[in-house]
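Each chain, written out:
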Amino acid sequence: MGKPKAIVDRNICLACGGCISVCPQDALSMFGGRALVTEEKCISCAICIRICPIGAISGRYAANEI
Amino acid sequence: MKYDVVIVGAGPAGTVTARFAAESGAKVLIIERRQEIGVPVLCGEGVSRKIDEWGMLEGKRWIACNMEGARIFSPDGTMVKLSAEMAGNETGYVVYRDIFDQELARQAAKAGAKIVMNTNAIDLLREKDKIIGVKAKQYDDEIEIEADIVVGTDGVESKIGQWAGIDTRLDPKDLETCCQYTLTNIDCKEAYCDFYLGNKIAPGGYIWVFPKGKDVANVGIGVLGNLSEAGMPKKLLDQFIANNPRLKNGNPIRFLAGAVPVANPVETVKDNIILVGDSARQVDPITGGGLTHCLEAGKIAGETIGMAIEQQQFDKETLSSYETGWKEAFGKKLKRNYMVKEIFLDFDDKTLNMLADSLKDIKFDEISTFALVKALVLKHPTLLMKLRPLMKISSEA
Ligand SMILES: Cc1cc2nc3c(=O)[nH]c(=O)nc-3n(C[C@H](O)[C@H](O)[C@H](O)COP(=O)(O)OP(=O)(O)OC[C@H]3O[C@@H](n4cnc5c(N)ncnc54)[C@H](O)[C@@H]3O)c2cc1C
Ligand code: SF4
Ligand code: SF4
């Protein structure tokens, strides 16, 4: 089983852009006023999770890995 | 439709660039993905009175409060007071950033720039290797906008830079991760911007209290990315407010999250590309202030664009007079302050307390390096060792 991918809780995110600026894979972008992870690009480094000032990002296993 | 310039992002960097480009004859389009310029506000809203000299904003509606100066509190509560002139980029006015941004946008429009909202840039438009505009999403439609120059003023995310092959990705140690309440029902009768330092208060950053009126203030925190954890800034800020007699009865009327690049600036021009403001990392690495640089650099960028359009030359060499210009204006300061930031990070709370204790009685409107050193050596001789790298930097700059 792989590592968990990042997922943004759209109810918490306040669109500061911090996670987007630190992602080494360009896997995050702003979409509809909230950050969004492109799962295929995410390498599970968890940098964005640590960066979010309000704890809006967590790790989640891809659907086919549960 | 083809433009001379398409500017991505209608923050201060974008609208000031647009204004000066339009004034020098360019046909300018600004695209902005938000539905209202300046909203939501993602800022502490402190800015130096230096902006008065530039005369880019009309009227006074964007000013919330006039500041007399700044007070810096060390971990043990020792206070150092600075006059507004000494306190650098973020003290002078506390502004309403939404009105501030909208006033700058109005000036851009008055100069002839066109603004479209709800339009999100999703990629650069290329012809072979040449950048010829941007692709954007407007509601559900994908549109193509052609232009000779693309300006990335898209803030901390800096996707335009990334797409153009400029390495704008931030190392966590070069990002302050922030959040802020606007608290009402607190006492701010004294017009001072307050800064609270300490490795337990805000690791690698600080907590700020910027008054917006007699009973309302922006109370925020920045923590350095590599020292932070998920949600840590909010937790530390909540804790600070709960334990602070002046703030604990405050009621929030706004909450925001924010991200401030405290990095070395990146390459800011390429063929057909210019970056300005946060996207170019033109932020003071010590204070995290970026507004004055957006205005200064935006003007230079706009004028450079005017010159490029006149010559019909859009290559890196032509556009690099922008890079030379902003580096002359504040490049040295950014470089120096980046080094100072690194030195400061090594200071433990004890050192910060000693520093504050040495500085607390100095009148900072008549400061000289000599007076500073004298004060430090007299009170805490051991500080001299720790400060040696700092003095080296200031003597070189
Ligand atoms: C919490 C916090 C406190 C701060 N406090 C201060 C302070 O007290 N004083 C100070 O001087 N500075 C402060 N700053 C820094 C200051 O806010 C920035 O330097 C300033 O906003 C940078 O302006 P900008 O125009 O470069 O970018 P922004 O103001 O971030 O504007 C970028 C714009 O681009 C738009 N955009 C982004 N991507 C796209 C896209 N793909 N397509 C279309 N539009 C796009 C965004 O919606 C936004 O409107 C603070 C920052 C934060 C986060
Ligand atoms: S860092 Fe957190 S609040 Fe900021 S955009 Fe990313 S998920 Fe949203
Ligand atoms: S976990 Fe790493 S790769 Fe995945 S989105 Fe977050 S920062 Fe990017």
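Here, the structure is the one placed above.
Residues numbered from 1 in each chain as written. Chains lettered and ligands numbered in written order. Predicted model: local features only at pLDDT ≥ 70, side-chain atom pairs only at ≥ 80, totals over all residues. Heavy atoms only, no water.

Q: I keep staring at the overall build of chain A and nothing clicks. Help me out?
A: Across its full length, chain A holds two helices and four strands. Listed by position from the N terminus, the elements making up chain A come as β-α-β-β-α-β. Taking 66 residues into account, the globule formula puts the C-alpha radius of gyration at 11 Å, and chain A, at 11 Å, falls close to it. Viewed in the frame of its principal axes, chain A has a C-alpha envelope of about 30 × 25 × 20 Å. (Helix = DSSP H or I, 4+ residues; strand = E, 2+ residues; numbered from the N terminus. Rg over C-alpha atoms; globule rule 2.2 N^0.38 Å.)

Q: Honestly, empty space enclosed by the protein in this entry has me stumped. Any pointers?
A: Unoccupied space between atoms shows up once a probe the size of one water molecule is rolled over them. All names here are of chain A. A full pass over the atoms with the stated rule returns one cavity of 30 Å³ or more. Estimated volume of the largest cavity: approximately 100 Å³. Cys13, Cys16, Cys19, Cys52 and Ala56 are, among the 14 residues lining the largest cavity, the residues nearest its centre. For the lining of the largest cavity, the per-class residue count stands at 13 nonpolar, one polar and no charged. (1 Å grid on protein atoms, 1.4 Å probe; cavity = no way out; pocket = protein on both sides within 12 Å on 5 of 7 lines; lining within 4 Å. Points joined across faces, edges and corners; volume = space filled by probe spheres on them. Nonpolar A, V, L, I, M, F, W, Y, C, P; charged D, E, K, R; others polar.)

Q: Could you clarify how one ought to interpret the nonpolar core in this entry?
A: One recurring pattern in soluble globular proteins is that nonpolar side chains are buried together. Residue and element names in this part refer to chain B. Ranked by size, the top nonpolar core spans 48 residues in total, and within it Val28, Ile149, Ile274, Ile305 and Tyr322 carry the most contacts. Elements with a contribution of two residues or more to this core: strand 1 (2-8), helix 1 (12-23), strand 2 (28-31), strand 7 (92-95), helix 3 (97-110), strand 11 (141-152), helix 6 (291-311) and helix 7 (316-345). Ranked by residues supplied to this core, first place goes to helix 6 with nine residues. Look past the residues within four positions of Ile149 in its chain and what remains in contact with it is Asp4, Val5, Val6, Asn272, Ile274, Ile305, Ala308, Phe314 and Leu319. (Core = buried A, V, L, I, M, F, W, Y, C linked by side-chain atoms within 4.5 Å. Buried < 20%, exposed > 50% of the residue type's maximum accessible area, 1.4 Å probe, protein only. Contact = heavy atoms within 4.5 Å.)

Q: What am I meant to see in the sheet that holds strand 13 (residues 192-196) of chain B here?
A: Pairing between the strands of a sheet is mediated by backbone hydrogen bonds and can be parallel or antiparallel. All names here are of chain B. With respect to topology, seven strands assemble into an open sheet ordered 6-5-13-14-15-12-16, the strand pairing being mixed. Only two strands of the sheet have a single neighbouring strand rather than two, namely strand 6 (79-83) and strand 16 (251-261). Put simply, the sheet's adjacent strands are angled 20° from each other on average, direction ignored. Both strand 12 (residues 175-184) and strand 16 contribute to a ladder of 10 bridges, which runs antiparallel. In the sheet register, Cys178 faces strand 16, and the bridge partner there is Gly258. Running at roughly 35° to strand 12, helix 5 (residues 232-243) makes contact with strand 12, strand 13, strand 14 (206-213), strand 15 (216-224) and strand 16 of the sheet. (Pairing = 2+ DSSP bridges. Axes fitted to C-alpha atoms, helices over the stretch in contact; angles between N-to-C directions.)

Q: What am I meant to see in the site of ligand 1 here?
A: Residue and element names in this part refer to chain B. Neighbouring ligand 1 are 35 residues, the closest being Glu32, Gly44, Gly46, Ala121 and Asp278. Measuring from a nitrogen atom of ligand 1, one finds a backbone N or O atom of Gly46 at 2.7 Å. Here ligand 1 has 1,000 Å² of accessible area as a free molecule, and 92% of this is covered by the chains. Elements with a minimum of two residues in the shell around ligand 1: helix 1, strand 9 (119-127), strand 14, strand 16 and helix 6. (Near = heavy atom within 4 Å. Polar contact = N/O pair within 3.5 Å; in protein donor to acceptor, adjacent residues only side chain to side chain. Areas by Shrake-Rupley, 256 points an atom, 1.4 Å probe, with all protein chains shown as cover.)

Q: What should I look at first to understand the pattern of salt bridges in this one?
A: Once their charged atoms are close, side chains differing in charge can pair, the charge on each being opposite to the other. Residues and elements named next belong to chain B. Considering all chains together, one arrives at 22 salt bridges over all chains under this definition. A salt bridge links Asp148 to Lys2; the shortest N-O distance between them is 3.1 Å. Here Lys2 lies in strand 1 and Asp148 lies in strand 11, a separation of 146 residues in the sequence. Across the pair Arg19 and Glu23 runs a salt bridge whose closest N-O atoms are separated by 3.1 Å. Of the two residues, Arg19 and Glu23 are both situated in helix 1; the distance of four residues between them amounts to about one turn of the helix. Residue Arg19 is classed as buried on the basis of its relative accessible area of 15%. Judged by its relative accessible area of 46%, Glu23 falls in the partly exposed class. The network of salt bridges with shared partners includes Glu58, Glu103, Arg106 and Lys110. (Salt bridge = Lys/Arg side-chain N within 4 Å of Asp/Glu carboxyl O.)

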